[in-house]
Amino acid sequence: MEEKKNLMTYAGLQKLEDELHDLKVVRRKAVAEKIKEAREQGDISENAEYDAAMDEQRDIEARIEEIGKLLKNAEVVVDDEIDSGKINVGCTVKVYDEEYEEEMEFHIVGSSEANSLQGKISNESPVGKALIGHSVGDMISVETQAGVIEYKVLSIKRTA
């Protein structure tokens, strides 16, 4: 079965590559040193430091594998190939919430980059899906668990 492509911005790709490099070069070496030190203390069967270091090593290896899969299926959104008047991955969109009469800003990113605390929403989320392809001035209805939300697109900005 072919895995789905993982859309991401260039910044998101760079961040994953940097994290992978850190895990492989810095963190692996540090945890190997911790394991070595714990072994030198003698009996490892009841050594909490050894167990903690081994757990950390498993976590690092799992994250390396996860990032590897993300990067293998990564498809970077290239700004030059996108209609700059339409919302797409890599855009920062300012909308007006009709019900609450307030402006909101969303940065549309690939699903692996999404972080609602930073205003980064996935292109696969209900709001992200609804916004993709629209232009300034468009009215958008988003079906959410809380009901239908109406947004008016105020601005679209390409982000690096």
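Whatever comes next refers back to the structure up there.
The text that follows walks through the structure, step by step, so that each part is easy to find.

### Here's the deal with the layout of surface pockets
By volume, the largest pocket amounts to about 320 Å³. Together, 19 residues line the largest pocket, and Gly12, Lys15, Ser112, Glu113 and Lys120 are the ones closest to its centre. Breaking the lining of the largest pocket down by element, the ones donating at least two residues are helix 1 (10-40), helix 2 (48-72) and strand 4 (102-109). Looking at the lining of the largest pocket, the element that brings in the most residues is helix 1, giving 5 residues. The class makeup of the residues in the lining of the largest pocket is 6 nonpolar, 7 polar and 6 charged.

### Considerations on the sheet that holds strand 5 (residues 120-122)
Judged by pairing direction, the sheet is mixed, and its 5 strands sit side by side in the order 5-4-3-7-6 without closing on themselves. Of all strands in the sheet, those with a lone pairing partner are strand 5 and strand 6 (139-144), marking the two edges. Across the sheet, the mean angle from the axis of one strand to that of its neighbour is 45°, orientation sign disregarded.

### Some words on helix 1
For helix 1, built from 31 residues, the straight-helix expectation of 45 Å at 1.5 Å per residue is met to within 8% by its first-to-last C-alpha distance of 44 Å. At Leu23, helix 1 shows its strongest bend, of approximately 35°. All of the buried residues along helix 1 are Gly12, Leu13, Leu16, Leu20, Leu23, Val31, Ile35 and Ala38. Buried positions along helix 1 lie against strand 1 (6-8), helix 2 and strand 2 (74-76). Just downstream of helix 1 lies Gly42, where phi reads positive at about 110°.

### Regarding the packing of helix 1 against helix 2
One way to put it is that helix 1 packs onto helix 2 with a least axis distance of 9 Å and a crossing angle of 160°. By the criterion of interaxial angle, the relationship of helix 1 to helix 2 is roughly antiparallel. Here helix 1 runs over helix 2; the crossing is left-handed. In terms of residue class, the contact of helix 1 with helix 2 is made up of 15 nonpolar, 1 polar and 11 charged.

### Topic: the pairing of strand 4
Here 6 bridges tie strand 3 (residues 91-97) to strand 4, and the two strands are oriented antiparallel to one another. Paired with Tyr96 across the bridge in strand 4 is Glu103. In textbook terms, the turn of a hairpin is the stretch between consecutive antiparallel strands, and for strand 3 and strand 4 this stretch comprises 4 residues, one of which, Glu101, has a positive phi near 50°. When strand 4 meets strand 5, the two strands line up parallel, connected through 3 bridges. Across the sheet, residue Ile108 finds its bridge partner in strand 5, namely Ile121.

### Quick notes on the packing of aromatic side chains
Scanning the model with the defined rule gives 1 aromatic pair in all. Residues Phe106 and Tyr151 carry aromatic rings whose centres are separated by 5.9 Å and whose planes lie at 75° to one another, so their mutual orientation is edge-to-face. Of this pair, Phe106 sits in strand 4 while Tyr151 sits in strand 7 (residues 147-158), placing them 45 residues apart in sequence. Assigned by exposure class, Phe106 and Tyr151 land together as buried.

### Here we look at the pattern of salt bridges
A side chain with one charge may pair with a side chain of the opposite charge, provided their charged atoms come close. Here the structure, examined in full by the defined rule, presents 8 salt bridges. The shortest N-O distance in the salt bridge between Glu56 and Lys34 comes to 2.9 Å. Here the residue Glu56 occupies a position in helix 2, and Lys34 occupies one in helix 1, the gap between them amounting to 22 residues. Judged by its relative accessible area of 22%, Glu56 is partly exposed. With a relative accessible area of 41%, Lys34 lands in the partly exposed category. With a shortest N-O distance of 3.9 Å, Glu40 and Lys36 are connected by a salt bridge.

Parameters and conventions
- Residues numbered from 1 in each chain as written.
- Predicted model: local features only at pLDDT ≥ 70, side-chain atom pairs only at ≥ 80, totals over all residues.
- Heavy atoms only, no water.
- 1 Å grid on protein atoms, 1.4 Å probe; cavity = no way out; pocket = protein on both sides within 12 Å on 5 of 7 lines; lining within 4 Å.
- Points joined across faces, edges and corners; volume = space filled by probe spheres on them.
- Helix = DSSP H or I, 4+ residues; strand = E, 2+ residues; numbered from the N terminus.
- Nonpolar A, V, L, I, M, F, W, Y, C, P; charged D, E, K, R; others polar.
- Pairing = 2+ DSSP bridges.
- Axes fitted to C-alpha atoms, helices over the stretch in contact; angles between N-to-C directions.
- Expected span 1.5 Å × (residues − 1).
- Bend = angle between axes of the 7 residues up to and from the residue.
- Buried < 20%, exposed > 50% of the residue type's maximum accessible area, 1.4 Å probe, protein only.
- Contact = heavy atoms within 4.5 Å.
- Parallel < 35°, antiparallel > 145°, perpendicular 65-115°, else oblique.
- Left-handed = near helix turned anticlockwise from the far one by under 90°.
- Phe/Tyr/Trp six-rings, centres within 6.5 Å; stacked < 30°, edge-to-face > 60°.
- Salt bridge = Lys/Arg side-chain N within 4 Å of Asp/Glu carboxyl O.

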